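Reading the structure
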Amino acid sequence: MENMVNVFLFGKKYSVPDNLTIMSAMEYAGYQLVRGCGCRNGFCGACATIYRIKGDTELKACLACQTKVEDNMYIATLPFFPLVKQVYDMETIKPTEAVMMQLYPEIYACIGCNACTKACTQGLQVMQYIAAAQRGDFERCAELSFDCVMCGVCSSRCPAGISHPQVAMLARRINGKYLAPGCEHLEKRVKEIKDGTFTELIEALMQKPLDEIKELYNNREIEK
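Worth saying up front: this structure is predicted, and the values here are computed from it rather than measured.

Reading the values: the criteria
- Residues numbered from 1 in each chain as written.
- Predicted model: local features only at pLDDT ≥ 70, side-chain atom pairs only at ≥ 80, totals over all residues.
- Heavy atoms only, no water.
- Helix = DSSP H or I, 4+ residues; strand = E, 2+ residues; numbered from the N terminus.
- Contact = heavy atoms within 4.5 Å.
- Buried < 20%, exposed > 50% of the residue type's maximum accessible area, 1.4 Å probe, protein only.
- Arc of directions from axis to C-beta.
- Disulfide = S-S within 2.5 Å.
- Pairing = 2+ DSSP bridges.
- Axes fitted to C-alpha atoms, helices over the stretch in contact; angles between N-to-C directions.
- Salt bridge = Lys/Arg side-chain N within 4 Å of Asp/Glu carboxyl O.

Time to look at the environment of Cys 141. Its place among the elements puts Cys 141 in helix α5 (residues 138-144). Distance from Cys 141 to Ala 131, taken between C-alpha atoms, is 8.1 Å for residues 10 residues apart in sequence. Residue contacts for Cys 141: discarding those within four places in its chain leaves Tyr 129, Ala 132, Ala 133, Ala 168 and Ala 171.

Another aspect to go through is helix α4 (residues 126-134). Among the residues of α4, those classed as buried are Val 126, Tyr 129, Ile 130, Ala 132 and Ala 133. Projected down its long axis, α4 shows its buried positions confined to an angular sector of 155 degrees, all on one face. Considering only its buried residues, α4 is in contact with α2 (98-103), α3 (115-119), α5, α6 (153-156) and α7 (164-179).

Scanning the model with the defined rule gives 0 disulfides in all. In this structure Cys 37 is not part of a disulfide, and its nearest cysteine sulfur, from Cys 44, lies 8.1 Å away. By relative accessible area, which is 21% here, Cys 37 ends up partly exposed. In this structure Cys 120 is a free cysteine whose sulfur lies 6.5 Å from that of Cys 151, the closest cysteine sulfur available. The exposure class of Cys 120 is buried, given its relative accessible area of 16%.

Relative to strand β2 (residues 12-17), strand β1 (residues 4-9) runs antiparallel, the two sharing 6 bridges. Bridge assignment links Leu 9 to a residue of β2, and that residue is Lys 12. Joining the antiparallel neighbours β1 and β2 is a turn of 2 residues, in which Phe 10 adopts a positive phi near 55 degrees. In this structure, β1 lies alongside strand β5 (residues 73-77), joined through 3 bridges in parallel fashion. In the sheet register, Leu 9 faces β5, and the bridge partner there is Ile 75.

Taken in spatial order, the 5 strands make up an open sheet running β2-β1-β5-β3-β4, and their pairing is mixed. In the strand order of this sheet, the two ends are held by β2 and β4 (60-63), each with one partner. The sheet shows a mean angle of 35 degrees between the axes of neighbouring strands, taken without regard to direction.

Now for the pattern of salt bridges. If you walk through the whole model with that rule in mind, you get 6 salt bridges. Taking the shortest distance from any N to any O, the salt bridge between Glu 27 and Arg 40 comes out at 2.9 Å. With a gap of 13 residues between them, Glu 27 in helix α1 (residues 22-28) and Arg 40 in the loop between α1 and β3 (48-53) connect regions that are remote in the sequence. Residue classification places Glu 27 among the partly exposed positions, given a relative accessible area of 33%. Note on Arg 40: relative accessible area 35%, which makes it partly exposed. One salt bridge connects Arg 189 with Glu 192, and the closest N-O pair in it is separated by 2.9 Å.

Shown next as structure tokens:
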């Protein structure tokens, strides 16, 4: 017999198996997940969730597809957070500190409370990468924010209204286009793809059963 725990989904109590993730528990309880779910593997950031354990004052954040339920867990999902997303042209912006002042000036209102870092579902040093963006160190910002899944939980806790994921995205784009060393091998492969060199191979691969595709992937030759 499964061990059951009590969870509260949007204020309503349910009894669910203790080996389920929050996302699986929601489906077990009868919720049909149309929004707030995506890859189910911790990469897309669509299932950002906040929760609190009864008797504990700390409000915690997580991804519902990666976090197991606990007894007396009070849960609310945050499937979308309205981040500020500025429009810019990567062909015309310059890799200088001024670009952040022009596009995301709110980062200079950061009060250093570290709420963003504490809330991050990926355990990233969010406040530190914002500090790097402030001083124009886009390479460092890109490095620290590399695993960001754009869930927006950090921004939901920010008193300065910073859209941390969008700042990080800009830094990674600047770093990739202007600062990181070029890769001739990658450029050659991209050109081959655009020229149709692998079209026939890709179409043949797409016709194979999923199990066979997985087997080919797991046993692929990895270039050194």
